[in-house]
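Inside the fold
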Amino acid sequence: MAKFSFADADADEDPPPAAAGSDKRKRDGSPAPDDGAAGGGPPPKARRLEVAGGEREERAVAGCGREVGRVGAGGDGNAMGISMRIDPDLLDCSICFEPLCPPLYQCQNGHVACLSCWSMLSNKCHVCSHDAIFARNIALEKIVESIKSSCAYAKWGCCELVSYTQRNTHEESCFFAPLMCPIPGCGYRGFTGRWSGHFLVDHHSADFLHFVYGQSFEVNLEASLPFLVLLGEDDHLFLLLNKNMTPFGHAFSVVCLRTGDLNWKFSYEIEAASTRNPENCMQLKASVTNAKEWEGLHPTESFLLVPYDFCSSTNITLSVSVGRSASV
Ligand SMILES: [Zn+2]
Ligand SMILES: [Zn+2]
Ligand SMILES: [Zn+2]
Ligand SMILES: [Zn+2]
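Before going into details, it helps to say that this report is about the structure given with it. (Residues numbered from 1 in each chain as written. Chains lettered and ligands numbered in written order. Predicted model: local features only at pLDDT ≥ 70, side-chain atom pairs only at ≥ 80, totals over all residues. Heavy atoms only, no water.)

1. Digging into the environment of Lys265
Just so we agree on the cut-off: In DSSP terms, a helix is any run of H or I states spanning at least four residues, a strand is any run of E spanning at least two, and both are numbered starting from the N terminus. Each residue's exposure class comes from its accessible area (1.4 Å probe, protein chains only) as a fraction of the maximum for that residue type: buried when under 20%, exposed when over 50%, partly exposed otherwise. Should any heavy atoms of two residues lie within 4.5 Å, those residues are considered in contact.
Mapped onto the elements of the fold, Lys265 is located in strand E17 (residues 264-273). You can call Lys265 partly exposed: its relative accessible area is 44%. If sequence neighbours within four positions are ignored, Lys265 has contacts with Arg258, Gly323, Arg324, Ser325 and Ser327.

Below you can see the structure in the form of structure tokens.
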């Protein structure tokens, strides 16, 4: 069976400095809710479709009557592959706009609906608008099942080739997906490993703290602040969380804003000394967990609980270090 794969049509372009908007497509052309965030626009609708297994030259036409493809030796060096461009809207359900995912149903006139939409149609076609007998469209099911798509964040480093039907699921948790800046009211979306430019330009130096892995640094934290941004030397973004656990004390922990453990694992140590007797110290050594975004609260399995009596009621001084090791 032939195998299909997609790649962004402008995949050779340099990535913009910040995130693209959501890739959610609507047939009416309306922008996705988060379009317009910092960075470039959404990926283009036309994508290159690559089909492995083609053995003869042919031409493909898809979309609104446009000739969109070329067939023969693929540009990726796969002599057996063919590539073509297709309007990806054709692969979305015309009712819910989600990627067509088997089982697929069609009326006598060939109008297709996905399972969840078909189950709500009550045997009336959404296009024909009259009673219809729906049947499975096995041929189309095989086509959409065979399509592999590059991730929307391929330009930023994702090498995954994912099933088109699972593309949204992958992109929601893709390591290379943009993440929201945690500073309240900022709205910027940045990428793992590319944060310092944004913080240097758009935020006050008091909003974050640069550090070197393996070296301890002192943090003077306002007791009422819920977190402090820590920027690693490789531009990974961490949050030193400060949760007030009334009536006990402050719970401190460190999380990394990212969606996976690709390349690096992180650990941290926090030490707090008593303001009355600095020889009395509390310490925590733990692994850094990931947070996809700051949502006002992020529970962590480990934290350093510093009693209110142990520290100042206005400012807390901590010694922090973050370690980095290669992921296996
Ligand atoms: Zn649907
Ligand atoms: Zn119909
Ligand atoms: Zn990805
Ligand atoms: Zn920001």
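2. Remarks on the layout of surface pockets
Test applied: For each structure, a 1 Å grid was placed over the protein atoms alone; sets of points admitting a 1.4 Å probe that cannot get out are labelled cavities, open sets with protein on both sides within 12 Å along at least five of seven lines are labelled pockets, and lining residues have an atom within 4 Å of a point. Grid points are joined across faces, edges and corners, and a volume is the space filled by probe spheres set on the points. As a working rule, the residues Ala, Val, Leu, Ile, Met, Phe, Trp, Tyr, Cys and Pro are called nonpolar, Asp, Glu, Lys and Arg charged, and the rest polar, with Gly in that last group.
Roughly 220 Å³ of volume is contained in the second largest pocket. Leu241, Lys243, Leu297, His298 and Pro299 are the residues nearest the centre of the second largest pocket, which is lined by 14 residues in total. Top contributing element to the lining of the second largest pocket by residue count: strand E15 (residues 237-245), with four residues. Of the residues belonging to the lining of the second largest pocket, the class tally is eight nonpolar, five polar and one charged.

3. Quick word on the coordination of the zinc ion (ligand 4)
Let me state the cut-off plainly: Sites may look incomplete because water is not among the atoms; the donors themselves are N, O and S atoms within 2.8 Å of the metal, or within 3.2 Å for Na, K and Ca. Every angle between 85 and 135 degrees makes a four-donor site tetrahedral, while opposite donors more than 155 degrees apart, with all other angles between 65 and 115, make a four-donor site square planar and a six-donor site octahedral; other sites are irregular.
Surrounding the zinc ion (ligand 4) are the protein donor atoms Cys181 (SG), Cys186 (SG), His198 (NE2) and His203 (NE2), at 2.0 to 2.2 Å. Taken together, the four donor atoms coordinating the zinc ion (ligand 4) span angles of 97 to 115° at the metal, a pattern that classifies the geometry as tetrahedral. Along the chain, the residues donating to the zinc ion (ligand 4) are arranged with the sequence spacing C-x4-C-x11-H-x4-H. Within this pair, whereas Cys186 is found in the loop between strand E10 (179-180) and strand E11 (189-190), its partner His198 is found in helix H4 (residues 196-202), the two being separated by twelve residues in sequence. Owing to a relative accessible area of 4%, His198 belongs among the buried residues under this scheme.

4. Observations concerning the sheet that holds strand E7 (residues 135-136)
Defined as follows: Strands qualify as paired when DSSP identifies two bridges or more between them. In this analysis an axis means a line fitted to C-alpha atoms, helices contributing only their contacting stretch, and an angle means the value between N-to-C directions, from 0 to 180 degrees.
The strand order E6-E5-E7 describes an open sheet built from three strands, whose pairing is antiparallel. Looking at the sheet topology across the chains shown, the edges are occupied by strand E6 (112-114) and E7. As paired strands, strand E5 (residues 104-106) and E6 are joined by three bridges and run antiparallel to one another. Across the sheet, the residue bridging to Tyr105 is Ala113, located in E6. Where helix H2 (residues 138-146) meets the sheet, its contacts fall on E5, E6 and E7, and the angle it forms with E5 comes to roughly 145°.

Take it as geometry only, folks, not as evidence of what the structure does.
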